[in-house]
Every structure is written in C-alpha cells, then in structure tokens.
Amino acid sequence: MSVKQISVFLENRPGCLHEMTQALANAKIDLRGLSLAETSDFGIVRLIVDDVLNTATVLKDAGFVASLTDVLAVEVPNVPGGLNKVLGILNSTGVNVEYMYAILGNKKSESAYMIFRVNDNGKAASALELENVTILDQATLSEL
Amino acid sequence: MPDSKVSDSSPQFQKEGFILKKYFQQEIECMPHEKIRELQNEKFLKQVRHVWEDVPYYRAKMQEKGLTPNDIKSLDDLHKLPFLTKDDLRKAYPYGLMGRPLKDCVRIQSTSGTTGQRVVAFYTLHDIHIWEEMCARAIVAAGGSDEDVVQVSYGYGLFTGGPGLNGGSHLLGSLTIPTSSGNTDRQIMFIKDLSATILCCTPSYAAFIGERMKEMGMKPDDIPLKAGIFGAEAWSEAMRRDIEATMGIKAYDIYGLTELCGPGVSFECEDQHGMHINEDYFVAEIIDPKTGEVLPEGSLGELVFTTLDKEAFPLLRYRTRDITSLSHEACPCGRTHVRMSRLKGRTDDMLIIRGVNVFPSQIETVLINKGYPANYQIIVDRVNNTDTLDVRVEMTPEMFTDNLGEVNKKQAELVDGLKSMLGLKAKVTLVAPKTIVRSEGKAVRVIDNRKI
C-alpha cells in the first residue's frame, strides 16, 4: 500500500536545486510534493511525482544521484487534531516516524495528504487501515 | 650496438617458442647481480667520460667539487659526483645538458609540466632504440607477445607515454592501436571491436574507462583485455585492485620520466611486487632528500638515477623527487634487476599539513577501501594560520539513501578512516557525481590554496 518517493542528492550551493527543477520542468514532470533536508554541505530532496519511472530516468540522465524509497501517502482529515490522530495510531503500534511532509491534494478535498517515512511500512499501514485511515496507492496519488 | 642486441635475441626467442616467452631479453634481464654490476661499472665509466667531454654544464659542476674523471674509478665513487636537479634542467634549458650535437638527434620529447617546470629531452636514434627496448621488456613482463594487440591510450606527441609504449609494442611485434588519450567511448569500441588484449594508459584514465564501461552496462567478460600497463602517475594498491576487478585484467605498474627517456625505466612483472629497474641502462640510488646522503638498501627516500647508455641526454645522479625504496631480493619471475617499490609519491606531491606529511595516494587508499570512486580532489587551505584539508568525494548511487543520518554516518566513517591513515582530521565534502574533472592524462588531485 506504499508509494514511491524519489530522493535526490544535491550539493549545498546556489543554483543546485534549480538545476534539478529545470530538468524536471523540461521533462514536464508534475511535482506533487517535495521536502528538503540539508546539512552544511549537502542536501537531500525528496519528491513525490506523477511519473516515478520517467522522473528517475530524467534525473539519471541529468547526472543526479537518486534513490527510490517506499513511503506511505496518508489521507489526513482536514480538521483540528487530524494529524494528531494519525500519529497517535502510529505511536500506539510502536512505529517510528523518520520524517514526514505534506503534499498537494485536491483543492476541493476535505482532506490533507501527508507522506510518512516510517521504519515499518506494513505494520504502520495495517494499524492505520484498522482505524479507517485512508492510505493512497500510486494510482490514486497520481490522480489527486 | 642496440641493433645487434635485438637481432641476436629475436631468433633465440623463436627457437624457444615465442608464445611461452617470459622475457624480451632473457640474458640481460636475468643476468646474475655481480655480472650486471660489472656491466654497469664499465658503462658508467664511459658515461662519466662522455659527460665530462661533451656536457660543459656538468663538467663545471664536477670542477666545482674538484673532481675529474680520474677521481671516478668505479661505481663505488658514484656518491662523489654532484647531483643534477630539475633546477639544473631549468637553468640549462634548452640545450645546456646535451651530450651530442643537434644534428645527431632525431627526436624531442617534453614533460606535461605538472610540476610547473617543462623539461625538454633530446634523443639520438640509439637513445630512442634503448627506450623502446625497455618498453618492449615491460610489455613482455605484462604477458605480452607478438600475438597481442596493444592499445596505447597514453597521449601521443610531446608526452613520452604514447611514443614509448608505441615503440616498445612495435619492437616486440605486437599489433599496435595508437588511439592516444581521449574519446573514451571510442577507446572502448576499439578494445571490443579490434580485440585489444593489453591497454596502456595512466591509471586514472584506466579507472575512467572502467567507469564508463560500467555505465554502458559492460562486464569484464565483454572485453578481450587481459592486462594493462599503467603509469605516469602515482597510484595505490587499492586502485589497482579496483581497476583489475572492473576490467577483469591484471594491472601492471610502469615507471619512467622524460628526463631519462620516458616510461619503461622500470616495470612490474607477474609478481606485481615492485618494478624492475633496467639496470643495464641505469644505476639507481636512494638518498635522504634533505641531506643528499645515500641511504642503505630498503630505506625509503628520494630516487636518484644515473644513465649508463645515453648519447644525447646523459644525466649523472639525477634527482627524480620520487619517493620509493629499492630491493635486490630475488624475484620469483627470474629477473635479477633491482626492484623499486610502488611510488609513495613525489617530494613535490607530498603535502605538509599541520606538520604532517600527507601523500595523495594515502587518501586514495582510504577512499577505495571504503567503496568510493578514485575520483577525488584534495583542497588544502590555510584559515586563521591553521592548515585545512578538504577531501572532495563524489556521491555514488551505492552510498546514497533518502536518510540524512545514514549519509552523514558514511561521511563520518570516511573522516575516521582518513584520520587513522593520516593522523590528522580532514573534512570530507560529498559532491555531485561527475563534478570532479576526469583526467585523460595526469589527474590534478591537489589544489593547494595556501599562500605561504
């Protein structure tokens, strides 16, 4: 029930991020979500895109180092306490969240969408589904 | 003289069966040590006489020390002779060290000027011939014969790499592909399509070709190469293993310098344990680079050469600035010529960082052992009166993950590895792939920004 996230290595210097987005724009890749983690000399950009395979190829051809990771795309009720509920479920199952970030949803949607990178996708997914939290698959994510 | 040498030995090879031949010139290459010494002694006295008579620059240096050829009675007196240095070459540029008139010379070669000082060397036909002979010995020592296809991917032109191995390969009778350096995809195409079995180039270019092969999805079995003869720069044992695995070959080190002829001054045999110096053409010494004192066998120090058979550019006690050691220990290959160990570096390459001697080859060893590519750059600077060492390494798909912590951990492992190898703390900067310039000749590994 997981989706593919693409992580890209970037040097921490001016223009580096733009070089990457330029490559994606040229290939008409639609970005659904993005998060950036950085140290003083390098950064890792995590991307959620409409076409994973194409993106991976485009990045490789442009000379970037990238890797694929399975992450959970979770529908979070767009109400106060919505995220808290999801995290509560994960916490009670003992799943560790390594990082998370919000991604674009449908404008009319009542829900927000978040990406969770956890240490055990299977365990997290079944716990969330048991509590009727919706987890998006790749096709649904692409249609958002 | 050299002409007769070759025509004498060639039929002998045929009698023995060319394919099984282990040596290009067995009699010389396996001559007992005492006999080599005798031969050297005889040639040495002639060479000293030649220099005294024909090279006024060196005669003046001898006179300064109150020496005449009569004071040099045998090789035991070698230590009395003054050194020649790169600085002498610069002062005597271009004709001051010549031992023959220009009309006797047939060739000029020049250095790449990596150390900032261009050297121009002159060759008579005889000088070219002995050089090619040494290169032919090197190719045979790497398992080559007239059945082989030798691809020479060293640069051709003023640089000695291409012309030297090209000449050696011709002399041996191997089919020679003079690709020169550059156009890596074409290099790979020639290796594959024309069934090259021996590749000659710089180790950094060999690593680059290997890297490109991997990218193209080629495996060692996809190419017919069996051996590589790589030289013109210092490289590590780890880098050798890496190239050998990527290309599925045995990689041999070769050493030389333009001042003496070019590649082939010494070369590795199948034992891959030090390079045999062609003692019929050179006498090697190891000295303390600070005091100039000759060091006993086995000591690490600066390599000094005296040519024995050079006409146009004879050099007595030429300081190479290369750091190595010598060993006369018997070699399983049967060659008796003295072996020099893998170059530790050049006195010019050696960096003194916070008082610690650092050779780029040490850094290379750590990187390769930890699975990083041999493409790296060392940047030295001085910040607030303290030397800084920054090792720039390219990120690879194998070591990259989405997890910042894990990448940081790998970076920290590298810092630890460098610390235990060098005894000082280096900063490691991970850079994007292909951002460190690939070299088709000698790699520029060190950028020293210190203004002292």
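The rules behind each value
- Every chain is numbered independently, its residues counted from 1 as its sequence is written.
- For naming, the first written chain is A and the first written ligand is 1, with later ones following in the order written.
- Given that this is a predicted model, residues contribute local features only at a pLDDT of at least 70 and side-chain atom pairs are listed and counted only at 80 or more, while totals for whole chains, interfaces and linings are drawn from all residues.
- Side-chain metrics rest on all non-hydrogen atoms present in the structure, leaving aside hydrogens and water.
- Under the DSSP-based scheme used, a helix requires at least four consecutive residues in state H or I and a strand at least two consecutive residues in state E, with every element numbered from the N terminus.
- Atoms counted for the radius of gyration: C-alpha only. Globule rule: 2.2 Å times residue count to the power 0.38.
- Classification of residues uses two cut-offs on accessible area relative to the type maximum, computed with a 1.4 Å probe and protein chains only: under 20% is buried, over 50% is exposed, and between them is partly exposed.
- For our purposes a nonpolar core is just a set of buried Ala, Val, Leu, Ile, Met, Phe, Trp, Tyr and Cys residues, chained together by side-chain atoms within 4.5 Å.
- Contacts: residue pairs with any heavy atoms within 4.5 Å of one another.
- Confidence of the predictor in every single residue is expressed as pLDDT, which spans 0 to 100.
- Throughout, disulfides are identified as pairs of cysteine sulfur atoms within 2.5 Å of each other.
- This arc is taken over the directions from the axis of the helix to the C-beta atoms.
- By this definition, two strands are paired if DSSP reports at least two bridges between them.
- Two aromatic rings, drawn from Phe, Tyr or Trp (for Trp, its six-membered ring), form a pair once their centres lie within 6.5 Å of each other, and the interplanar angle then sorts them: stacked below 30 degrees, edge-to-face above 60, tilted otherwise.
- By definition, being over a ring means that NZ of Lys or CZ of Arg is both within 6 Å of the ring centre and within 35 degrees of the ring normal.
- Defined in terms of a 1.4 Å probe, buried area is the accessible area two parts forfeit on being brought together, summed over both.
- Any carboxyl oxygen of Asp or Glu that lies within 4 Å of a side-chain nitrogen of Lys or Arg is treated as forming a salt bridge with it.
- For the purposes of these results, a polar contact is taken to be a pair of N or O atoms within 3.5 Å, where, inside protein, one atom must be able to donate a hydrogen and its partner to accept one; residues adjacent in sequence count only when each atom of the pair is a side-chain atom.
- Surface patches are defined over residues having more than 30% relative accessible area and no salt bridge, joining like charges when they lie within 9 Å and nonpolar side chains (Val, Leu, Ile, Met, Phe, Trp, Tyr) when within 5 Å.
- Note that accessible areas follow from Shrake-Rupley with a 1.4 Å probe, and for residues the cover is restricted to the protein chains shown.
- Note on geometry: axes are lines fitted to C-alpha atoms, helical ones only across the stretch in contact, with angles between N-to-C directions running from 0 to 180 degrees.
- Throughout, a crossing is termed right-handed when the near helix is turned clockwise from the far one, and left-handed when it is turned anticlockwise from it by less than a right angle.

**Some remarks on the overall build of chain B**
So, point 1. Secondary structure summary: chain B contains twelve helices and 21 strands in total.
So, point 2. The C-alpha radius of gyration computed for chain B amounts to 22 Å, which stays within 12% of the reference 22 Å derived for 452 residues, consistent with globular compactness.
So, point 3. Principal axes of the C-alpha set define a box for chain B whose edges measure 75 × 55 × 40 Å.
So, point 4. Taking all 452 residues of chain B together, the buried fraction comes to 58%.

**Some remarks on the nonpolar core**
Residues and elements named next belong to chain B.
So, point 1. Core analysis: the biggest nonpolar cluster contains 72 residues, and Leu-81, Tyr-255, Phe-282 and Phe-305 have the highest contact counts within it.
So, point 2. In terms of residue count, the dominant contributor to this core is helix H6 (residues 125–141) (ten residues).
So, point 3. Setting aside chain neighbours within four positions, we find Phe-305 in contact with Tyr-255, Leu-260, Val-265, Ile-277, Phe-282, Val-283, Ala-284, Leu-315, Leu-316, Arg-317, Tyr-318 and Thr-320.
So, point 4. Counting 31 residues, the second largest nonpolar core, distinct from the first, contains Met-395, Met-399, Leu-404 and Leu-422.

**As for the confidence of the model for chain B**
So, point 1. Here chain B averages 90 in pLDDT, while 93% of its residues score no lower than 70.
So, point 2. The low-confidence segment residues 1–19 of chain B, where pLDDT is below 50, has 25 contacts with residues more than four positions distant or belonging to other chains.

**Examining the state of the cysteines**
Residues and elements named next belong to chain B.
So, point 1. Applying the stated criterion across every chain, the model contains zero disulfides over all chains.
So, point 2. Here Cys-333 stays unpaired: no disulfide links it, and the sulfur of Cys-331, its closest cysteine neighbor, is 3.5 Å away.
So, point 3. Take Cys-333: its relative accessible area is 1%, and that puts it in the buried class.

**A closer look at helix H3 (residues 82–92) of chain A**
All names here are of chain A.
So, point 1. Buried within H3 we find Gly-82, Val-86, Ile-89 and Leu-90. Mapping the buried residues of H3 onto a view down its axis gives an arc of 95°, with all of them on the same face. Facing away from the buried surface of H3 by more than 90 degrees, the exposed residues are Asn-84, Asn-91 and Ser-92.
So, point 2. Where H3 is buried, its residues contact strand S4 (66–77), strand S5 (97–103), strand S6 (111–118) and helix H4 (121–130).
So, point 3. Of the residues flanking the end of H3, it is Gly-94, one or two places downstream, whose phi is positive at about 80°.

**As for the sheet that holds strand S4 (residues 175–177) of chain B**
Adjacent strands of a sheet form backbone hydrogen bonds with each other and so pair up, either parallel or antiparallel.
All names here are of chain B.
So, point 1. The sheet built from nine strands is open, its strands ordered S4-S3-S5-S6-S7-S8-S9-S14-S13 with mixed pairing. Edge positions in the sheet fall to S4 and strand S13 (326–327), since each of these pairs with one other strand and no more.
So, point 2. Of the pairings in the sheet, the one linking strand S8 (residues 262–268) to strand S9 (residues 275–277) comprises three bridges and is antiparallel in character. By the bridge assignment for S9, Glu-268 is matched with Met-275.

**Some remarks on the packing of aromatic side chains**
So, point 1. In total, this model carries eleven aromatic pairs over all chains according to the counting rule given.
So, point 2. Considering the side-chain rings of Tyr-95 of chain B and Phe-122 of chain B, the 5.8 Å spacing of their centres and the 45° angle between planes classify their relative orientation as tilted. Pair noted here: Tyr-95 of chain B is in the loop between helix H5 (86–91) and strand S1 (107–110) and Phe-122 of chain B is in strand S2 (residues 120–123), with a separation of 27 residues, a long-range link.
So, point 3. Through pairs of rings, three or more aromatic residues link up here, namely Phe-9 and Phe-42 of chain A together with Phe-400 of chain B.
So, point 4. Its end group placed over the ring of Tyr-99 of chain A, Arg-46 of chain A keeps NZ or CZ at 3.6 Å from the ring centre.
So, point 5. A cation over a ring is seen here: Arg-342 of chain B above Trp-235 of chain B, with NZ or CZ 4.9 Å from the ring centre.

**Quick word on the interface of chain B and chain A**
Often, the extent of an interface is quoted as the loss of accessible area upon association of its parts.
So, point 1. With 19 residues of chain B in contact, the opposing surface of chain A contributes 21 residues.
So, point 2. Taken together, the two surfaces of chain B and chain A that pack against each other cover about 1500 Å², and 62% of this comes from carbon and sulfur.
So, point 3. Sorting the residues of chain B by area buried against chain A places Phe-400, Asp-402 and Leu-404 of chain B first, and these three jointly supply 48% of that buried surface.
So, point 4. Between chain B and chain A we count two salt bridges in total.
So, point 5. Two residues, Asp-41 of chain A and Lys-427 of chain B, come together in a salt bridge whose shortest N-O distance is 3.1 Å.
So, point 6. For the pair chain B and chain A, the interface holds six residue pairs in polar contact (both at pLDDT 80 or more).
So, point 7. Only helix H12 (404–422) and strand S20 (427–431) of chain B provide two or more residues apiece to the side of chain B that touches chain A.

**Focus on a nonpolar patch on the surface**
Residues and elements named next belong to chain A.
So, point 1. Together, Leu-17, Leu-34 and Leu-36 make up an exposed nonpolar region whose accessible area comes to about 230 Å².
So, point 2. Considering the arrangement of structural elements, one finds Leu-17 in helix H1 (residues 16–26).
So, point 3. In this structure Leu-17 comes out as partly exposed when scored by relative accessible area, which is 35%.

**Observations concerning the sheet that holds strand S18 (residues 376–383) of chain B**
All names here are of chain B.
So, point 1. With mixed pairing, the four strands of this open sheet are ordered in space as S20-S19-S18-S21. Bordering the open sheet on either side are S20 and strand S21 (446–448), each of which pairs with just one other strand. Averaged over all pairs of adjacent strands, the angle between their axes in this sheet comes to 20°, without regard to strand direction.
So, point 2. Across five bridges, the pairing between strand S19 (residues 386–394) and S20 is parallel.

**Looking at the packing of helix H9 (residues 203–215) of chain B against helix H10 (residues 237–247) of chain B**
Residues and elements named next belong to chain B.
So, point 1. As a packed pair, H9 and H10 sit with axes 9 Å apart at the nearest point and diverge in direction by 35°. For the pair H9 and H10, the sense of crossing is left-handed. Along its contact with H9, which presents Pro-203, Ser-204, Ala-206, Ala-207, Ile-209, Gly-210, Met-213 and Lys-214, the element H10 presents Met-239, Ile-243, Thr-246 and Met-247.

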